[in-house]
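Structural description and commentary
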Amino acid sequence: MPVGIFRVCLVVITAIINHPLLFPKENGTVPENTEEIIQKMKEREESLRLEQLRLEREIADQEARQKTLEKAAEVVEEREEGKVRWDMWTALSMVIFLLIELWRQDFQEANWQDTGGEEDDMAVLGKAFKGVAFPDKAVLASFYEKRIVGTTGDMARMREMVEGFADDLLEALRSVCNRDADMEVEDCMGVGSMYENWRVRKPFVCDLIVPFAPPEPYCFRSQTWCSGEPFPPDKQGYGTIKVCRADEDVTGCICDKTKLGEDMLCLLHSQTNTTRPSSEMEDLLCFKNTQYLDANQVMKWFQIAVTKAWNRISHKYEFDLSFSLLDSPGALKIKFRSGKSIAFNLTPVVQYENSDVYFISHFPRSSLAEDLPSSTHWFLTFAVYERRFIQLVSKTLPVNACHVSCLQILSFLHGKQCSLTGPSGLTNYHLKTVMLHLLQARPSQDWAPEKLEARLQDMLKLLEKCLHEKKLYHFFIGNGKVPAELGFPITFQRAEPLNLFRPFVLRRDVYRKTVDTFHEMLRNTSALINEYTVHIPLAHTNGIRKESL
């Protein structure tokens, strides 16, 4: 703007200086062509006036643009200040929310193991029990005698028959395998409800696990989600199994991780001890081009080996043996000529270090299960320790304690309800986990046979609490109160608790179906029990006879 004013002033001064009237000629006479000069002066004056107007317009436009830029800068500055303030409040709100959530989770986990001792908390829970007529002791006693004990009396004879046949089958399997190249099969072990004496629903199925190991000079080295290795959240409870030579360094030599020069050799590994070819690793049941044991390869190998073993000993038996499920490697069925059949599972497993925790190749999956993991991720089963814990605690309980009876009745009710309304996300393993937590939390005298009704209600209320919170923690993983007599691995005791209900958070449809099925089961409890109960007098107070183990 000052430059424009200066230009206007310069033009005016020049016009004044060059005006002919200010500096007349020396002779003081007016020239003859005065009119022509005046006309030129008028034209000059008009051009100067137009030039002045143009300059004024330019100056006005510049001032307008300057004001527009200043306003835009102020708006941008105000927006940036507002954005900074908004980001600050948003970040502060998120931090506060995360702190509250972490405190809530820590508080719940810290009080998880004390569930059974909080009578007031149990009284507050059980909203679904309002208006539900729960059977009394006499009705429960009659139901247990007629429906549970009366239909499970032949389980011991069935277990004995299946175990004897499985031992004979595995012995034949060892004889048909190449001891120098095939996997080494060990003796089988019975696990699950049939061997913990709480199976109630037919058909009765024996679960047997068969540990196996690689041939010399190889060995298995396992990694779990709690061993420090990076595992995604959906792989908690799983691990991987690496097939290595027994003399191979666990951490691996640097020559496997870097390229040595042509004139450099590793002093630990010769040229002959290089990476094993892919075909050799596949012969060891590994996933293609890796050293990790493949569950699908193990399934194929085990089915072929069992088939060969049965062909060798089939002439000794008067029944047929077949695979009942194609996607399960050891789901077998014995078919007698009379038409009767017996089903049992013979599943290959891998021992975790020197413990009784096992990697299981195939595990029964429910509607609650997430997507199938890769074939190199193996599920860990703690079934052996669960059986030992029940046996250990049973020694301290009163005679004919009601803990197994509670689990049997609850399993029967849930199975009956699912047969009416369809499957839900709950499984018998969830029910068993609830019982294990209560066994640890409550004193021994609370499990006397006459307290069956109270303990059964406690299990239902605790299950309702877990469903409401979508949290049911694995009994062993993260439980620092596991009895030392079990010899349970400290690695899993120190791990973070494993939430068995985690899939409920991701699958709201399954969660809604499960909650509805549970509430429907509570409403139908009396009807389901009375259906299998004979008439009993009101004075009936007999205790519940527990099935002899």
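No experiment lies behind these values; they were computed from the predicted model shown.

Next up on the list: the overall build of the protein. Within the protein, the secondary structure is distributed over 16 helices and ten strands. In the protein, buried positions account for 41% of the 549 residues. Counting contacts in the protein only where the partners sit at least 6 residues apart, residues at least 24 apart contribute 73% of the total. About 32,000 Å² of surface is accessible on the protein, with carbon and sulfur atoms providing 55% of the total.

For the coordinates displayed, the defined rule picks out 28 aromatic pairs. For the pair Phe165 and Phe344, a centre-to-centre distance of 6.1 Å together with 85° between the ring planes defines the contact as edge-to-face. Taken together, the positions of Phe165 in helix α5 (residues 155–176) and Phe344 in strand β8 (residues 341–351) put the pair 179 residues apart, joining distant regions of the chain. Residue Phe344 is classed as buried on the basis of its relative accessible area of 0%. Between Tyr238 and Phe379 the ring centres are 5.3 Å apart and the planes differ by 75°, which places this aromatic pair in the edge-to-face class. Taken together, the positions of Tyr238 in strand β5 (residues 238–245) and Phe379 in strand β10 (residues 378–381) put the pair 141 residues apart, joining distant regions of the chain. Overall, Tyr238 belongs to the buried group, its relative accessible area being 11%. Classification of Phe379 as partly exposed rests on a relative accessible area of 25%. Taken together, the ring pairs connect Trp225, Tyr352, Phe359, Phe382, Tyr385, Phe389, Phe475, Phe476, Phe488 and Phe492 into an aromatic cluster. When the ring centre of Tyr385 is taken as reference, the NZ or CZ atom of Arg388 above it lies at 5.7 Å. Between Lys470 and the ring centre of Tyr511, over which it is positioned, the NZ or CZ distance is 4.5 Å.

Bringing a nonpolar patch on the surface into the picture now. Together, Met88, Trp89, Leu92, Ile96 and Ile100 make up an exposed nonpolar region whose accessible area comes to about 540 Å². Inspection of the secondary structure puts Leu92 in helix α2 (residues 34–110).

The next thing to look at is the packing of helix α4 (residues 137–148) against helix α10 (residues 403–421). At their nearest, the axes of α4 and α10 sit 11 Å apart, and the two run at 75° to each other. The angle between α4 and α10 falls in the class roughly perpendicular. Residues Leu140, Phe143, Tyr144, Arg147 and Ile148 of α4 lie in contact with α10, whose contacting residues are Ser405, Gln408, Ile409 and Phe412. When its residues are assigned to classes, the contact of α4 with α10 shows six nonpolar, two polar and one charged.

All right, on to the environment of Pro503 then. Structurally, Pro503 is set in helix α14 (residues 502–506). Of the residues examined, Pro503 reaches a relative accessible area of 8% and is grouped as buried. Sequence separation between Pro503 and Lys471 is 32 residues; the distance between their C-alpha atoms is 9.9 Å.

Time to look at the pattern of salt bridges. Under the definition given, this model contains 17 salt bridges. Across the salt bridge formed by Arg174 and Asp187, the nearest N and O atoms sit 3.0 Å from each other. A residue pair is termed long-range when its members are at least 10 positions apart, and Arg174 in helix α5 and Asp187 in the loop between β1 (184–185) and β2 (189–191) qualify at 13 residues. Looking at Arg174, the relative accessible area reads 18%, which means it is buried.

The linkage connecting Lys202 with the following residue, Pro203, adopts the cis geometry, with an omega of 5°. Secondary-structure assignment places Pro203 in the loop between α6 (193–196) and β3 (205–213). With an omega dihedral of 5°, the bond running from Glu216 to Pro217 counts as a cis peptide bond. Looking at the secondary structure, you find Pro217 in the loop between β3 and β4 (218–224). Of note, Asn289 is a non-glycine position whose phi angle comes to about 60°, a positive value. Secondary-structure assignment places Asn289 in the loop between α7 (278–283) and α8 (295–313). Overall, Asn289 belongs to the exposed group, its relative accessible area being 60%. One non-glycine residue, Glu353, lies in positive phi territory at about 50°. Checked against the element boundaries, Glu353 lands in the loop between β8 and β9 (358–360).

Formed by 114 residues in total, the largest nonpolar core has its most connected members in Leu169, Leu293, Phe344 and Leu346. Beyond its immediate sequence surroundings of up to four residues, Phe344 is in contact with Val162, Phe165, Val205, Cys206, Leu208, Leu321, Gly330, Ala331, Leu332 and Ile334. The next biggest cluster of nonpolar side chains, apart from the first, holds seven residues, and it includes Val191, Val349, Ile360 and Val384.

A few words on the side chain of Asp446. Along the chain, the position of Asp446 falls in the loop between α11 (428–441) and α12 (452–469). Residue class for Asp446 comes out buried when judged on its relative accessible area of 13%. Among the polar contacts made by the side chain of Asp446, one reaches the side chain of Arg442 at a distance of 3.1 Å. Ignoring sequence-local partners within four residues, the contact set of Asp446 consists of Lys451 and Arg455.

Okay, the packing of α10 against helix α15 (residues 508–523) next. One can describe the packing of α10 onto α15 by two numbers: an axis separation of 10 Å at closest approach and a directional angle of 115°. With respect to α15, the axis of α10 lies roughly perpendicular. The crossing of α10 and α15 is right-handed. Along its contact with α10, which presents Leu410, Leu413, His414, Gln417, Cys418 and Thr421, the element α15 presents Lys513, Thr517, Glu520 and Met521. In the contact of α10 with α15, the residues fall into four nonpolar, four polar and two charged.

Here α10 spans 27 Å end to end across 19 residues, near enough to the 27 Å set by a 1.5 Å rise per residue. A large share of α10 lies buried, amounting to 15 of its 19 residues. Where α10 terminates, the next one or two residues include Gly422, which has phi positive at roughly 100°.

With that settled, the discussion passes to the state of the cysteines. In this structure the tally under the stated criterion is zero disulfides. No disulfide involves Cys219; its sulfur sits 5.8 Å from the nearest other cysteine sulfur, which is in Cys244. Cys402 takes part in no disulfide bond, and the closest cysteine sulfur, belonging to Cys406, lies 4.3 Å away.

The topology assignment puts Pro233 in the loop between β4 and β5. Taking the C-alpha atoms as reference, Pro233 lies 9.7 Å from Arg502; in sequence the two are 269 residues apart.

Criteria and thresholds
- Residues numbered from 1 in each chain as written.
- Predicted model: local features only at pLDDT ≥ 70, side-chain atom pairs only at ≥ 80, totals over all residues.
- Heavy atoms only, no water.
- Helix = DSSP H or I, 4+ residues; strand = E, 2+ residues; numbered from the N terminus.
- Buried < 20%, exposed > 50% of the residue type's maximum accessible area, 1.4 Å probe, protein only.
- Contact = heavy atoms within 4.5 Å.
- Areas by Shrake-Rupley, 256 points an atom, 1.4 Å probe, with all protein chains shown as cover.
- Phe/Tyr/Trp six-rings, centres within 6.5 Å; stacked < 30°, edge-to-face > 60°.
- Lys NZ or Arg CZ within 6 Å of the ring centre and 35° of its normal.
- Patch = residues over 30% accessible without salt bridge, like charges linked within 9 Å, V, L, I, M, F, W, Y side chains within 5 Å.
- Salt bridge = Lys/Arg side-chain N within 4 Å of Asp/Glu carboxyl O.
- Axes fitted to C-alpha atoms, helices over the stretch in contact; angles between N-to-C directions.
- Parallel < 35°, antiparallel > 145°, perpendicular 65-115°, else oblique.
- Nonpolar A, V, L, I, M, F, W, Y, C, P; charged D, E, K, R; others polar.
- Core = buried A, V, L, I, M, F, W, Y, C linked by side-chain atoms within 4.5 Å.
- Polar contact = N/O pair within 3.5 Å; in protein donor to acceptor, adjacent residues only side chain to side chain.
- Left-handed = near helix turned anticlockwise from the far one by under 90°.
- Expected span 1.5 Å × (residues − 1).
- Disulfide = S-S within 2.5 Å.

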